[in-house]
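Letter by letter, the chains look like this.
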Amino acid sequence: MDYKVGDFCSISKNAIIENGVIIGNRVTVHDNVTIKKGTFIGDDCVIGEPCYGFYKTESYQFHKTIIGKNSIIRSKTIIYENNVFGEKLETGHGVTIREKTQIGNNVRIGTLSDLQGYCKIGDYVRLHSNVHIGQKSQINSYVWIFPYVILTNDPTPPSETMKGVCVDEFAVIATGSILLPGIKVGKNALVAAGAIVTKDVLEERVVLGNPARDMCSIFDLNVPEDGKFSYPWPKYFKRGMPWENYDSYDEWHIKMLSGRKQNKGSI
């Protein structure tokens with residue numbers, strides 16, 4: 001056993017714990033969970049929490065749950081069964097992730113955020129603290145969602161019909177915004193703080209207000225301190241992104257496209 005387990009833990013014999021994993025105190029790991037190498041699980045976490053059927057049958061079979069390698073799951077996070085997460089997932093404290101959520105690589109989920117399951121999240125997504133993601137949501141790669149944002153999914157509450165929100169690549173959803181069911185936010189769009197979004201947001205547009213209205217192009221927004229453009233943000237922000245060690249986002253992007261062409265030609 002090349003991993004460490006703290007005090008008062010309950011680790012299923014049917015769980016797979018890979019090398020280099022560190023598990024804190026009072027952690028529960030249920031059946032059919034795989035925690036890949038180099039991952040840290042903080043105190044009082046639950047990994048593989050069973051769904052409702054567990055309480056109705058004695059022969060319940062846990063669905064597979066996979067925590068990608070080198071992840072950091074901070075204290076009091078609850079991760080339900082039937083989830084698959086990529087590498088370097090990082091959660092704040094007290095995060096809840098319900099069943100059938102797929103998460104890519106290098107995703108960060110802030111303290112007290114709540115993902116209600118049946119969601120798909122891409123790579124390098126940043127969800128800040130106290131974010132609520134309703135079922136059937138789709139968040140593509142490189143999206144920023146700031147604190148107290150709510151993605152809803154019930155067009156006529158209460159009902160059995162769910163329409164998830166779709167947020168496209170590089171979009172930014174600012175603090176305190178609410179997106180109504182079925183809304184699509186286009187690539188590189190910006191939803192301003194406190195907006196109530198009732199209509200789709202076009203690519204590279206800024207919306208604000210209640211109800212949110214189209215204000216301008218993202219290219220019209222300047223940084224007040226120096227007058228330089230702020231958007232699209234990948235051209236001006238690097239920290240924690242895969243182009244961090246390149247001179248620019250464009251240089252990284254060209255190299256990525258070149259690599260894809262080479263790989264395609266070698267098949």
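The written sequence of each chain sets the order in which its residues are numbered from 1. Predicted model: local features are reported for residues with pLDDT of at least 70 only, side-chain atom pairs are reported and counted for 80 or more only, and whole-chain, interface and lining totals are derived from all residues. Side-chain metrics rest on all non-hydrogen atoms present in the structure, leaving aside hydrogens and water.

With respect to the pattern of salt bridges
Criterion for a salt bridge: a side-chain nitrogen of Lys or Arg within 4 Å of a carboxyl oxygen of Asp or Glu. One pass over the full model with this rule turns up 7 salt bridges. Residue Arg26 is joined to Asp44 by a salt bridge in which the shortest nitrogen-to-oxygen separation is 2.8 Å. One end of the pair, Arg26, is in the loop between strand S4 (22-23) and strand S5 (28-29); the other, Asp44, is in the loop between strand S7 (40-41) and strand S8 (46-49), and 18 residues separate them in sequence. The cut-offs for exposure are 20% and 50% of the maximum accessible area for each residue type, with area from a 1.4 Å probe on protein chains only; residues under the lower value are buried, those over the upper are exposed, and the others partly exposed. By relative accessible area, which is 42% here, Arg26 ends up partly exposed. What makes Asp44 partly exposed here is its relative accessible area of 25%. Here Arg108 and Glu90 are joined by a salt bridge, their closest N and O atoms 3.7 Å apart. With Arg108 in strand S16 (residues 108-109) and Glu90 in strand S13 (residues 90-91), the pair connects residues that are 18 residues apart, well separated along the chain. Since its relative accessible area comes to 39%, Arg108 is described here as partly exposed. Beyond isolated ion pairs, a larger network of salt bridges with shared partners links Arg74, Glu90 and Arg108. Numbering goes from the N terminus for both helices and strands, where a helix is a DSSP run of H or I of at least four residues and a strand is a run of E of at least two.

Considerations on the sheet that holds strand S30 (residues 205-208)
Strand pairing is assigned whenever DSSP detects at least two bridges linking the two strands. Strand order in the open sheet formed by 12 strands is S1-S4-S7-S10-S13-S16-S19-S22-S25-S28-S30-S31, and the pairing between neighbours is mixed. The open sheet is flanked by strand S1 (4-5) and strand S31 (213-217), the only strands paired with a single partner. Bridging between strand S28 (residues 190-191) and S30 involves 2 bridges; their strand directions are parallel. Directly across from Leu190, in S30, lies its bridge partner Val206.

Some details on the nonpolar core
Among the nonpolar cores identified, the biggest contains 47 residues, and Ile145 and Val185 are the most heavily contacted of them. Beyond its immediate stretch of four places on either side in the chain, Val185 contacts Cys166, Val167, Asp168, Ala171, Ile173, Leu179, Val191 and Val201. What makes a nonpolar core is a set of buried Ala, Val, Leu, Ile, Met, Phe, Trp, Tyr and Cys residues whose side-chain atoms join them at distances within 4.5 Å. Listed in part, the 15 residues of the second largest apolar core include Phe170, Val172, Val206 and Cys216. The contact criterion used is simple: two residues touch if any of their non-hydrogen atoms lie within 4.5 Å.

Re the sheet that holds strand S2 (residues 10-11)
Strand order in this open sheet of 10 strands is S2-S5-S8-S11-S14-S17-S20-S23-S26-S29, and the pairing throughout is parallel. Unpaired on one side and paired on the other, S2 and strand S29 (196-197) mark the two borders of the sheet. Two strands pair when backbone bridges link them, and strand S11 (residues 78-80) and strand S14 (residues 96-97) are joined in this way by 2 bridges, in the parallel orientation. When the bridges of S14 are listed, Ile79 appears paired with Ile97.

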